[in-house]
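Listed below, chain by chain, are the residues.
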Amino acid sequence: MKTRINSKSVVVALISAALFISAANASDPEKKPVVITGMSMSSADYPDLRVVELGVHYMPTFYSMDFNTSEGGIVEGSVTMSHGFGVMLGINFSPHIGVQGEIDYYKATQKYKDQSVDNEVDIKYLNIPVLLSLNTSKMARLNLNAVVGPQFGINVGSDISSSGSNGSTTAVVAAKKGDIGAAYGAGLEFVLNQNRTIRFDIGYRGFYGFVDVDGDKSGENTYNVMVSANRKTHAAYARITFLF
């Protein structure tokens, strides 16, 4: 699964957001100076810092899949969007550094034509990213965050439906049960309440898989529609988080 994205546009957007946040937070009347002594960091050093963070998010995910044909060729798929959903648990070590884990679900659906046969492939994934989070400040009204870390994928179901026949061979979806890769992204958080414990977060999330997703087919007179390729996805997300 692969998609293309303009990296220059992402960089320009992040730089613009960082400049905007710096200007907004500089005028924050409630912002308090932070003094760090030594190398130790704890919630006691930051009395207003909320250590635990819980969130739920909607994640439209963009991808494309290529497929093997019954005659040994390859059909290139078009970029398609799926509706993903997930939950997040984060731990903030300081206003600027934290970790977060997520459980995200999405179903990749792609339609393609093989000769006179119309096929529709569905693959469902649970993605479990474990991410390092870097922030301009979790205590500010606006926060720009960047995340990076490993992501583990679990294939929770795959199937194909076809209208028509290619003769004596039958198309099957043989995909690996799991994969691993790198997740990365950035987002912009807005405070929604006076205590700064409820935030709205919007941003971008990418994934690059390290292993091929195609598995071994089973059964005679069958062929695997999955090509030998790694997963690559791009997603937007909108998230509500609660800090404790």
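> Teacher, can you tell me more about the packing of aromatic side chains here?
What characterises a pair of aromatic rings is the spacing of the ring centres plus the angle enclosed by the ring planes. The full count for this structure, using the stated rule, is 6 aromatic pairs. A centroid spacing of 4.3 Å and a plane angle of 10° characterise the contact between Phe67 and Tyr112, whose relative ring orientation is stacked. Pair noted here: Phe67 is in strand E2 (residues 67–68) and Tyr112 is in strand E5 (residues 97–114), with a separation of 45 residues, a long-range link. Exposure remark for Tyr112: the relative accessible area of 7% places this residue in the buried category. Here the aromatic rings of Tyr184 and Tyr204 are separated by 6.2 Å at their centres, their planes lie at 55°, and the arrangement is tilted.

> I keep staring at the nonpolar core and nothing clicks. Help me out?
A general feature of soluble globular proteins is that nonpolar side chains tend to end up buried together. Met65, Phe67, Val121, Ile123, Val173, Val225 and Met226 are the most contacted members of the largest nonpolar core, which has 16 residues in total. Counting only elements with at least two residues in this core, the list comes to E5 and strand E6 (117–135). When residues no more than four places from it in sequence are discounted, the contact partners of Val225 are Asp66, Phe67, Asn68, Tyr112, Val121, Ile160, Ala171, Val172 and Val173.

> How should the sheet that holds E5 be read in this particular structure?
Across a sheet, strands are paired by hydrogen bonds formed along the backbone, either parallel or antiparallel in direction. Strand order in this closed barrel of 8 strands is E1-E4-E5-E6-E7-E9-E10-E12, and the pairing throughout is antiparallel. With direction set aside, neighbouring strand axes in the sheet form an average angle of 25°. Examined bridge by bridge, strand E9 (residues 178–191) and strand E10 (residues 198–212) share 11 bridges and lie antiparallel to one another. Across the sheet, Phe190 pairs through a bridge with Phe200, a residue of E10.

Rules used throughout
- Residues numbered from 1 in each chain as written.
- Predicted model: local features only at pLDDT ≥ 70, side-chain atom pairs only at ≥ 80, totals over all residues.
- Heavy atoms only, no water.
- Phe/Tyr/Trp six-rings, centres within 6.5 Å; stacked < 30°, edge-to-face > 60°.
- Helix = DSSP H or I, 4+ residues; strand = E, 2+ residues; numbered from the N terminus.
- Buried < 20%, exposed > 50% of the residue type's maximum accessible area, 1.4 Å probe, protein only.
- Core = buried A, V, L, I, M, F, W, Y, C linked by side-chain atoms within 4.5 Å.
- Contact = heavy atoms within 4.5 Å.
- Pairing = 2+ DSSP bridges.
- Axes fitted to C-alpha atoms, helices over the stretch in contact; angles between N-to-C directions.

It is worth stressing that arrangement in space is one thing and function is another; only the former is reported here.
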